[in-house]
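Inside the fold
If you want the building blocks of each chain, they are given just below.
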Amino acid sequence: MSLLFDEIMQQPNVLDGIKRKNKEKFVQIADEFRNLGLDSIYFVARGTSDHACIYAQYLFAICGGIPCTLGTPSAVSKYGAEIKFSNTAVIGVSQSGKAEDVLSVIRQANAQGKLTVAVTNDEDSPLAKEAKYHLFCNAGDEKSIAATKTFTSQMYILAQLCAEITKNETLPALLDKVPLALGSMLSYIPASVAKICERYRYLDSAFVLGRGMTYPIALEGALKILETNKIRMKGNAISDFYHGPLAQVEEDSLVIVLAAEGPVYDDSIAMIERLHEIGAEVLVITDNERLAEKERFSIKVPNLGSDIVSPFFMAPVMQLFACCLADVKGIDPNSSAVLKKITITK
């Protein structure tokens, strides 16, 4: 179909190799984190990488009670702020490893003698060399404008690191099941997504909603669609959507709801019901078989028994939606006249 499609389909193999490639580093970082008595994490990233950090922010809190901050790198790179990193590990996430504002924060943390970690897809990048530890996405070249396999690899790396730092008893087994289950899903689900996308040939705007573990996928899913299809998209937390954005939804507006079984599942159901009352068109991406059967428009993803790993299935579905919709609209999703693959923010 396209280069973007090929890269989406590579994700099971990419995820399957991450633990082997980084296992020693996971242990070293976790040991130092505990030996130093650290109790928090400061993430610095941009765009898609920032969404991966939001996923990790939830995960570290849920699995280990570790508070995580989403850093503001321009406070350092542009305003010259001196951040006081107290009992904090600093993790910079960048696919290219060339984000200069992220690099400036890592340098400042290094100058303070703090534990610094880089997550990149380039072992020779400035960020990989600057941080004390480098965790490698090992995703191979990603040539399409839209980040796909590097996004899920970043999430998977941060999840594996979380498992090692927190010594959570259930997370490692869950993560080990993801690559095979994702490979199985990708063997059949592209056809279903392509069929649904035929309905949205003239789509010019939509919303993507999630909560908890699926919130970062709502943000990332909206980003994938808007950057490949050049349409207005917005990702929101279900909890925030009631506080104003819901007013933008009209009859026949498309709203994609990510509904994973777990602590926030009831919130997804309540939002779906409210959207139906308004008359919106609702596309549900869910791991709940009964909900998938009930809704007129739905895509069913694997259920491994925890919404902690639901993002690894919902993210590729959103990527496929963006890819297939571009095909329906006759748009090349691999390149852009405006966007660049590597964006060097300062």
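Residues numbered from 1 in each chain as written. Predicted model: local features only at pLDDT ≥ 70, side-chain atom pairs only at ≥ 80, totals over all residues. Heavy atoms only, no water.

When you go through the chain residue by residue, the secondary structure sums to 14 helices and ten strands. Here the chain has a C-alpha radius of gyration of 20 Å; the compact-globule value for 346 residues is 20 Å, and the two agree. A total of 346 residues make up the chain; the buried ones form 59% of that total. Taking as baseline every contact in the chain between residues at least 6 positions apart, the subset at least 24 positions apart corresponds to 76%. Of the roughly 14500 Å² of accessible surface on the chain, a fraction of 46% belongs to carbon and sulfur atoms. When the 35 basic and 41 acidic side-chain charges of the chain are each reduced to a single mean position, those positions are 5 Å apart. (Helix = DSSP H or I, 4+ residues; strand = E, 2+ residues; numbered from the N terminus. Rg over C-alpha atoms; globule rule 2.2 N^0.38 Å. Buried < 20%, exposed > 50% of the residue type's maximum accessible area, 1.4 Å probe, protein only. Contact = heavy atoms within 4.5 Å. Areas by Shrake-Rupley, 256 points an atom, 1.4 Å probe, with all protein chains shown as cover. Lys, Arg positive; Asp, Glu negative; His and termini not counted. Charge placed at Lys NZ, Arg CZ, Asp CG, Glu CD.)

Positionally, N168 belongs in the loop between α7 (149–166) and α8 (171–186). A polar contact is formed between the side chain of N168 and the backbone nitrogen of L171, at a distance of 2.8 Å. Aside from chain neighbours lying at most four places away, what touches N168 is C63 and A163. (Polar contact = N/O pair within 3.5 Å; in protein donor to acceptor, adjacent residues only side chain to side chain.)

Going residue by residue along strand β10 (residues 297–300), you find F297 and I299 tucked away on one face and S298 and K300 left uncovered on the opposite face. Both strand β9 (residues 281–286) and β10 contribute to a ladder of four bridges, which runs parallel. Across the sheet, T286 pairs through a bridge with K300, a residue of β10. Each parallel crossover has a hand, and for β9 linked through helix α13 (residues 289–294) to β10 it is right-handed. (Pairing = 2+ DSSP bridges. Right-handed = clockwise from strand over helix to strand, strands pointing away.)

Running from amino to carboxyl end, helix α9 (residues 189–197) crosses helix α14 (residues 311–329) at an angle of 50°, the nearest separation of the two axes being 9 Å. Put simply, α9 runs oblique to α14. At the point where α9 passes α14, the crossing takes the right-handed sense. Taken together, the residues of α14 that come into contact with α9 (itself represented by I189, P190, V193, A194, I196 and C197) are V317, L320, F321, C324, L325 and V328. Among the residues forming the contact of α9 with α14, the class breakdown is twelve nonpolar, no polar and no charged. (Axes fitted to C-alpha atoms, helices over the stretch in contact; angles between N-to-C directions. Parallel < 35°, antiparallel > 145°, perpendicular 65-115°, else oblique. Left-handed = near helix turned anticlockwise from the far one by under 90°. Nonpolar A, V, L, I, M, F, W, Y, C, P; charged D, E, K, R; others polar.)

Core analysis: the biggest nonpolar cluster contains 89 residues, and F60, I256 and F321 have the highest contact counts within it. Among the elements that make up this core, the one with the highest residue count is α14 (13 residues). Among the nonpolar cores identified, the runner-up in size contains 18 residues, and F241, A259, I269 and M271 belong to it. (Core = buried A, V, L, I, M, F, W, Y, C linked by side-chain atoms within 4.5 Å.)

The next point concerns the pairing of strand β6 (residues 205–210). The element β6 is extensively covered by neighbouring structure, given that five of its six residues are classed as buried. Between the parallel pair β6 and strand β7 (residues 232–237), the chain is carried across by helix α10 (residues 215–229), and the sense of this crossover is right-handed. Here β6 runs beside strand β8 (residues 254–259); their pairing, made up of three bridges, is parallel. Note that in β8 the partner of L209 across the bridge is V257.

The next point concerns the sheet that holds strand β4 (residues 116–120). Taken in spatial order, the five strands line up as β2-β1-β3-β4-β5 in an open sheet, and their pairing is parallel. Every other strand in the sheet has two partners, leaving β2 (68–70) and β5 (133–136) as the edge strands with one partner each. On average, each strand axis in the sheet is tilted by 20° relative to the strand beside it, whichever way the strands run. As paired elements, strand β3 (residues 88–93) and β4 share four bridges and run parallel to each other. Directly across from V93, in β4, lies its bridge partner V119. Helix α3 (residues 47–64) contacts β1 (40–44), β2 and β3 of the sheet and is inclined by roughly 160° relative to β2.

This part covers unusual backbone geometry. The backbone of N87 sits at a positive phi, close to 55°, despite the residue not being glycine. Taking relative accessible area as the criterion, N87 reaches 36% and is therefore assigned partly exposed. If you check the backbone angles, D252 has positive phi at about 75° while not being a glycine. In this structure, D252 sits in the loop between α11 (238–241) and β8. By relative accessible area, which is 60% here, D252 ends up exposed.

Moving on: helix α2 (residues 11–35). Between its terminal C-alpha atoms α2 stretches 34 Å, which fits the 36 Å expected from 25 residues at 1.5 Å a residue. Its maximal kink placed at N22, α2 deviates by approximately 60°. When we look at burial in α2, the residues that qualify are Q11, P12, V14, L15, G17, I18, N22, F26, I29, A30, E32 and F33. Within two residues after α2, G37 carries a phi angle of roughly 70°, on the positive side. (Expected span 1.5 Å × (residues − 1). Bend = angle between axes of the 7 residues up to and from the residue.)

Turning our attention to the pattern of salt bridges. Close approach of charged atoms lets side chains of opposite charge pair. Under the criterion given, the structure shown has twelve salt bridges. Taking the shortest distance from any N to any O, the salt bridge between E32 and K132 comes out at 3.0 Å. Note that E32 is positioned in helix α2 and K132 in the loop between α6 (126–130) and β5, a separation of 100 residues in sequence. Among the residues examined, K132 registers a relative accessible area of 52% and is labelled exposed. A single salt-bridge network, built from bridges that share partners, covers E220, K224 and E227. (Salt bridge = Lys/Arg side-chain N within 4 Å of Asp/Glu carboxyl O.)

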